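Coordinates in review
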Amino acid sequence: MLYSKTCLGGMVTAPHHLAAQAGAQILREGGNAVEAMVAAAAAIAVVYPHMNGIGGDGFWVISEPGQEPVAIRACGPSAALATKEFYAQHGHSTVPTRGPHAALTVAGAVGGWAAALEHARRFGRALPLPVLLADAIRHAKNGVPITRSQHELTRDKWDELKDQPGFAATYAADGIPAQGKVLKQSALADSLSRLAEAGLDDFYRGDLAQRLAAGLEAAGSPVRRSDLEAFRAQVVKPLMVQLTSGRVYNLPPPTQGVSALMIIGLFDRLGITQAEGFDHIHGLVEATKRAFILRNQHVTDPAHMSVDAAHWLLAEALEQEAGQIDMQRAAPWPHPAKPGDTIWMGAADAQGRVVSYIQSIFWEFGSGVVVPGTGIVWQNRGASFTLDDGANQLQPGKLPFHTLNPSLARLNDGRTLAYGTMGGEGQPQTQAAVFTRHVLFGQNLQAAVSAPRWLLGRTWGDVSTNLKVEGRVPAATIDALRQAGHEVQVVEDYTDMMGHAGAVCVHPDGLIEGATDPRADGVCAGV
């Protein structure tokens, strides 16, 4: 039997153990959950560079006892020079997925750290930045052993990445690195040290910003210093769905947070009473289809949306959509998939604050472009734009569609639960699996994360749109899914394809529990 880890003094869960320990150390030094998350976010940018980095974006949901949760949108818009004409002049009929022309949006993660720390000042004494970034700087300077997933993804994406500016010199100076080889990132250590000394704003309006803008321009990116200077992370009102078990919060557009909330909102209305069987999986898959159809039609930069995604979460709208689900037959599929890879982390402190956070460079190693002299690999989030008509058509200064979405639930029994995962299309699906198993069907939190999962659509570079299920799903359930019309593909157990999930939960009596995914390299670090 699998059981979650428990403690009383605070906890951080992360898909790499060194990031979780970096956050836990801040809790031991008297920091709060937000400060612990900044430390973990900086550390994981160093130790898991294939999945995230400070050249990417981030999204927060922060819960403080007695206050409504707040969200922070730390995603950068497209550059002023990133026009359809720019791409036509360079011979592109679509936005490239790799290289300098894929590095077309501002990186928002560091601005999000700053906004979160500003919010956390209301909690009392603040730890200084050099303390929060110390572990990240140390790991970048001294080196970290390369994980299995970094080795495998470097190998698998080598042809796409090896010739991108700065990539090989930074991550594969002697060729594709073996698992366990020590990776030192001295330039990234210097960039983090600069932020610790000068402040996080230096990323956008200081000396580091100047180096980033000059390096990106020299590489061929349309991003300029004026784009960096104009950026500010935004504190926004999270979306919320009311369930029979409580309230769940997530980010509004341009993220697919509305999809994550809609899936569990629809499932809550299907009357399913047992986990793991045909009804559970079929119900969630069919709810996913309903949510993704609306997402694909409408979700983009909210300034460019003609509909309010919050309306999809109203009881009447959910009832209407749930009524379209046939619990005996699979609805036709596919619809266009949304790719993306990232990391999710959760933190809780002894005062009952809970943070759900996600940080990403979009595809593995993002654009592949490492800005000279900085050690910072730049995201390719702008590759989600299209050059054709549609919701996500490229325009200068526009926010791209984001697969990123961290969830946080306030349950009727007094618990506060933060949960999430990486994995593009799989993010809202895995969240729904974990939430329903744990909250609706009473599974232990760790068991809910470790249990076999499924994925409708693509992730990790897979272009297929069928229903993939891990081999641990019982054969009878797989047969029932196929008989209902699902195109099922059985994949290996504990595959990275299914994402790296995690969760942390604060109980009303002060007990803190956490779970981490056996598919990743993480731990739950308690205090």
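Residues numbered from 1 in each chain as written. Predicted model: local features only at pLDDT ≥ 70, side-chain atom pairs only at ≥ 80, totals over all residues. Heavy atoms only, no water.

1. What about the overall build of the protein chain?
Definition in use: Put simply, DSSP marks the helices as runs of H or I at least four residues long and the strands as runs of E at least two long, and each gets a number from the N terminus on. C-alpha atoms define the radius of gyration in this analysis, and the globule rule sets the expected value at 2.2 Å times the number of residues to the power 0.38. Think of it in three bands: with a 1.4 Å probe and only protein chains considered, a residue is buried below 20% of the maximum accessible area for its type, exposed above 50%, and partly exposed in between. Whether two residues touch is decided by their heavy atoms; if any such pair falls within 4.5 Å, the residues are in contact. Charged residues are defined here as Lys and Arg on the positive side and Asp and Glu on the negative side; His and the ends of the chain fall outside this count. Charge coordinates come from a single atom per side chain, which is NZ of Lys, CZ of Arg, CG of Asp or CD of Glu.
The number of helices and strands found in the protein chain is 19 helices and 21 strands. Computed over the C-alpha atoms, the radius of gyration of the protein chain is 21 Å, within 12% of the 24 Å expected from 2.2 N^0.38 for a compact globule of 527 residues. In terms of its C-alpha atoms, the protein chain occupies a principal-axis envelope of roughly 60 × 55 × 45 Å. For the protein chain, with 527 residues in total, the buried portion stands at 66%. Here the contacts in the protein chain between residues at least 6 apart in sequence split such that 73% fall between residues at least 24 apart. Computed over 42 positive and 50 negative side-chain charges, the inter-centroid distance for the protein chain is 2 Å.

2. Digging into the pairing of strand S18 (residues 488-491)
Stated formally: Strand pairing is assigned whenever DSSP detects at least two bridges linking the two strands. Whether a crossover is right-handed depends on one test, that the path from the first strand over the helix to the second runs clockwise when the strands point away from the viewer.
Alignment of strand S17 (residues 467-470) against S18, held across 4 bridges, turns out to be parallel. Bridge pairing in S18 places Leu467 opposite Val488. In terms of handedness, the path from S17 via helix H19 (residues 475-483) over to S18 forms a crossover that is right-handed.

3. Things to note about the nonpolar core
The criterion, for reference: Definition of nonpolar core: a set of buried residues of the types Ala, Val, Leu, Ile, Met, Phe, Trp, Tyr and Cys, connected through side-chain atoms within 4.5 Å.
Formed by 87 residues in total, the largest nonpolar core has its most connected members in Ile54, Trp60, Trp113, Phe203, Met345 and Trp378. Ranked by residue count, the leading element in this core is helix H2 (residues 33-47), at 14 residues. If near-sequence neighbours (up to four positions away) are discounted, Ile54 is found in contact with Ala45, Ala107, Val110, Trp113, Leu188, Leu192, Leu195, Phe203 and Ile376. Membership of the second largest hydrophobic core comes to 57 residues, among which are Phe401, Ala448, Ala484 and Ala501.

4. With respect to the environment of Val110
Structurally, Val110 can be placed in helix H4 (residues 109-120). Judged by relative accessible area, Val110 falls into the buried class, the value being 0%. Filtering out sequence-adjacent residues up to four positions away, Val110 remains in contact with Ile54, Leu195, Leu200, Phe203 and Tyr204.

5. Focus: helix H1 (residues 17-28)
Convention followed: Any helix carries an expected span of 1.5 Å times its number of residues minus one.
Along its 12 residues, H1 runs 16 Å from first to last C-alpha, staying within 8% of the 16 Å computed at 1.5 Å per residue. Regarding H1, the residues found buried are Ala19, Ala20, Ala22, Gly23, Ala24, Ile26 and Leu27. On its buried side, H1 packs onto strand S2 (10-14), H2, helix H5 (129-132), helix H6 (134-142), strand S10 (343-349) and strand S21 (523-526). In the stretch just after H1, Gly30 is the one whose phi turns positive, near 95°.

6. Re the sheet that holds S21
Selection criterion: Geometry is summarised by axes, namely lines fitted to C-alpha atoms with helices restricted to the contacting stretch, and by angles between N-to-C directions that run from 0 to 180 degrees.
Read across the sheet, 7 strands follow the order S7-S4-S3-S11-S10-S2-S21 without closing on themselves; strand pairing throughout is antiparallel. Among the strands making up the open sheet, the edge pair consists of strand S7 (234-236) and S21. Ignoring strand direction, the axes of neighbouring strands in this sheet form an average angle of 15°. Against the sheet, H2 contacts S2, strand S3 (57-63), S10 and strand S11 (354-360), and its axis sits at roughly 150° relative to S10.

7. Quick notes on the pairing of strand S9 (residues 246-250)
Counting buried residues along S9, 4 of its 5 residues qualify, which places the element largely inside the surrounding structure. What sits between strand S8 (residues 239-243) and S9 in their antiparallel hairpin is a turn of 2 residues.

8. Some points on the pattern of salt bridges
Side chains carrying opposite charge are able to pair once their charged atoms draw close together. Formally: Think of a salt bridge as a Lys or Arg side-chain nitrogen and an Asp or Glu carboxyl oxygen that are within 4 Å of each other.
Tallied over the entire structure, the rule returns 26 salt bridges. With a closest N to O distance of 3.7 Å, Arg224 and Glu217 form a salt bridge. Its salt-bridge partner being Asp517, residue Arg453 comes within 2.6 Å of it at the nearest N-O pair. Placement of the pair is Arg453 in the loop between helix H18 (445-450) and strand S16 (454-456) and Asp517 in the loop between strand S20 (512-516) and S21, with a sequence separation of 64 residues.

9. Quick look at the environment of Gly206
Structurally, the position occupied by Gly206 is in the loop between helix H11 (202-205) and helix H12 (207-219). Residue classification places Gly206 among the buried residues on the basis of a relative accessible area of 10%. Expressed as a C-alpha distance, the spacing of Gly206 and Leu228, which sit 22 residues apart in the sequence, is 9.9 Å. Ignoring sequence-local partners within four residues, the contact set of Gly206 consists of Asp201 and Arg225.

10. Quick notes on unusual backbone geometry
In this structure, the amide linkage connecting Pro253 to the following residue, Pro254, adopts the cis form with an omega of 20°. You can see Pro254 is positioned in the loop between S9 and helix H14 (257-267). Despite not being glycine, Tyr494 has its phi angle at roughly 55°, a positive value. As for its position among the elements, Tyr494 is in the loop between S18 and strand S19 (502-506). By relative accessible area, which is 39% here, Tyr494 ends up partly exposed.

11. Some points on the packing of H6 against helix H10 (residues 186-198)
Heads up, the condition is: If an angle is under 35 degrees, it is roughly parallel; if it is over 145, roughly antiparallel; if it lies from 65 to 115, roughly perpendicular; otherwise it is oblique. In this scheme the crossing of two helices becomes right-handed for a clockwise turn of the near helix relative to the far one and left-handed for an anticlockwise turn of less than a right angle. Three categories are distinguished: nonpolar for Ala, Val, Leu, Ile, Met, Phe, Trp, Tyr, Cys and Pro, charged for Asp, Glu, Lys and Arg, and polar for the others, with Gly belonging to the last.
Where H6 meets H10, the closest approach of the two axes is 7 Å, and the angle between their N-to-C directions is 160°. Taken together, the axis directions place H6 and H10 in an arrangement best described as roughly antiparallel. Here H6 and H10 pass one another in a crossing that is left-handed. Between H6 and H10, the residues in contact are Ala136, Ile137, Ala140 and Lys141 and Ser186, Leu188, Ala189, Leu192, Ser193 and Ala196, respectively. Its residues assigned to classes, the contact of H6 with H10 shows 7 nonpolar, 2 polar and 1 charged.

12. Focus: the packing of H14 against helix H16 (residues 315-322)
Remark: H14 packs on H16, axes separated minimally by 9 Å, with the N-to-C direction vectors making an angle of 70°. Accordingly, the angle class assigned to the pair H14 and H16 is roughly perpendicular. The two elements H14 and H16 meet at a crossing, and its hand is right-handed. On H16, the residues touching Met262, Gly265 and Leu266 of H14 are Leu318, Glu321 and Ala322.

13. Regarding H6
Among the residues of H6, Asp135, Ala136, Ile137, His139 and Ala140 are the ones counted as buried. Residues of H6 that are buried make contact with H1, H2, strand S5 (144-145) and H10. Phi turns positive, to about 100°, at Gly143, one or two residues after H6.

Function cannot be read off these values alone, since they describe shape.
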